[in-house]
Amino acid sequence: MTYEETMEFLKTHASPSRRKSMIKQGAPETTLGVTLGPVRKLAKTMGINHELALQLWKSEVVDAQLLAVMLLDPKQISVVTAISMIGQAAYEPLQDDLMFRTLVAIPDYDLLKKELKEDSRDAFQRAYWSMIVYEIGNDKMIDSARIEGILETVEAELVASPSQTQWMMNRALSEIGFRFSDYTQKCITIGETLGVYRDMKVSPGCTSAYAPAWIEAVVNRKRK
């Protein structure tokens, strides 16, 4: 499919209710509101198409950018390009897809992580902590010493961190808690002590981001 054909496909699959929901989450007004089902189906059909992905990304239409992330070839992405893309991904679900689907797989992973760690801007610190979350889920990249270091940082910085960074840092705390049984209680205690998201209101059937509640919910599901 060409760029024009792809954009037309997205426009014909737009949903007003989905658009309203995405904008409420922080997506720009240019958002079409395409549900992820058709986007994923199209991406599976198309496979990796790096050049088209770059065209879609430049459209600045979030729906097209979400598709672009699924078509990008991580091997062709430099650190400079990665940082530029993170800076453009103002919609948090887009940044998360960009990080976890694509940028954690670029050749210069360590350099990207270093650059993000040294950038104090909220979105870039969130991206840095996305890499930490990725490492927590990778047995080859995590050990007890690393876990202790992450938890020490979380204890010291979570409460005062800006909103985007705080969210991903809290996710790191929770991921350790439900992935590593030796640290479950410690993570719950840290979450209770810090109290971040304790008063979060959630819809029925949803899990709170409050770390103790999140950890306990996942651990309970694993036991069933």
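Refer to the structure printed above.
Remember, it's a predicted structure, so these values are computed and weren't measured experimentally.

Caption draft 1: Main features of the overall build of the protein chain. Across its full length, the protein chain carries 13 helices and 0 strands. Secondary structure of the protein chain in N-to-C order comes out as α-α-α-α-α-α-α-α-α-α-α-α-α. In terms of overall dimensions, the protein chain is globule-like: its C-alpha atoms have a radius of gyration of 18 Å, near the 17 Å expected for 224 residues. A burial count over the protein chain gives 49% of its 224 residues as buried. Carbon and sulfur atoms make up 50% of the accessible area of the protein chain, which amounts to about 11800 Å² in all. Averaging the positions of the 27 positive and the 29 negative side-chain charges in the protein chain gives two centres separated by 7 Å.

Caption draft 2: Focus on the pattern of salt bridges. Counted under the stated rule, the structure contains 11 salt bridges. Between R126 and E92 there is a salt bridge, with its nearest N and O atoms 3.4 Å apart. With R126 in helix α9 (residues 122-136) and E92 in helix α7 (residues 92-102), this pair connects stretches of sequence that are 34 residues apart. Its relative accessible area of 1% is what places R126 among the buried residues. Between E118 and K114 there is a salt bridge, and its shortest N-O distance comes to 3.2 Å. For E118, a relative accessible area of 55% gives the class exposed. Within this structure, E92, D96 and R126 form a network of salt bridges that share partners.

Calculation notes
- Along every chain, residues carry numbers that run from 1 in the direction the sequence is written.
- The predicted nature of this model means local features are confined to residues of pLDDT at least 70 and side-chain atom pairs, given and counted, to a pLDDT of 80 or more, with totals for whole chains, interfaces and linings taken over all residues.
- Note that water and hydrogens are dropped before the side-chain values are worked out from all heavy atoms of the structure.
- For helices the rule is a DSSP run of H or I covering at least 4 residues; for strands it is a run of E covering at least 2, with both sets numbered from the N terminus onward.
- Only the C-alpha atoms count toward the radius of gyration. The rule for a globule is 2.2 Å times the residue count to the power 0.38.
- Buried residues are those whose accessible area, probed at 1.4 Å on protein chains only, stays under 20% of the maximum for their type, while exposed residues exceed 50% and partly exposed ones sit between those limits.
- Throughout, the Shrake-Rupley method with a 1.4 Å probe supplies accessible areas, and for residues the shown protein chains are the sole cover considered.
- The sign given to each residue is positive for Lys and Arg and negative for Asp and Glu; His and the chain ends receive no count.
- All charge positions are set by atom: Lys at NZ, Arg at CZ, Asp at CG, Glu at CD.
- Salt bridge, as applied in this entry: a Lys or Arg side-chain nitrogen positioned within 4 Å of an Asp or Glu carboxyl oxygen.

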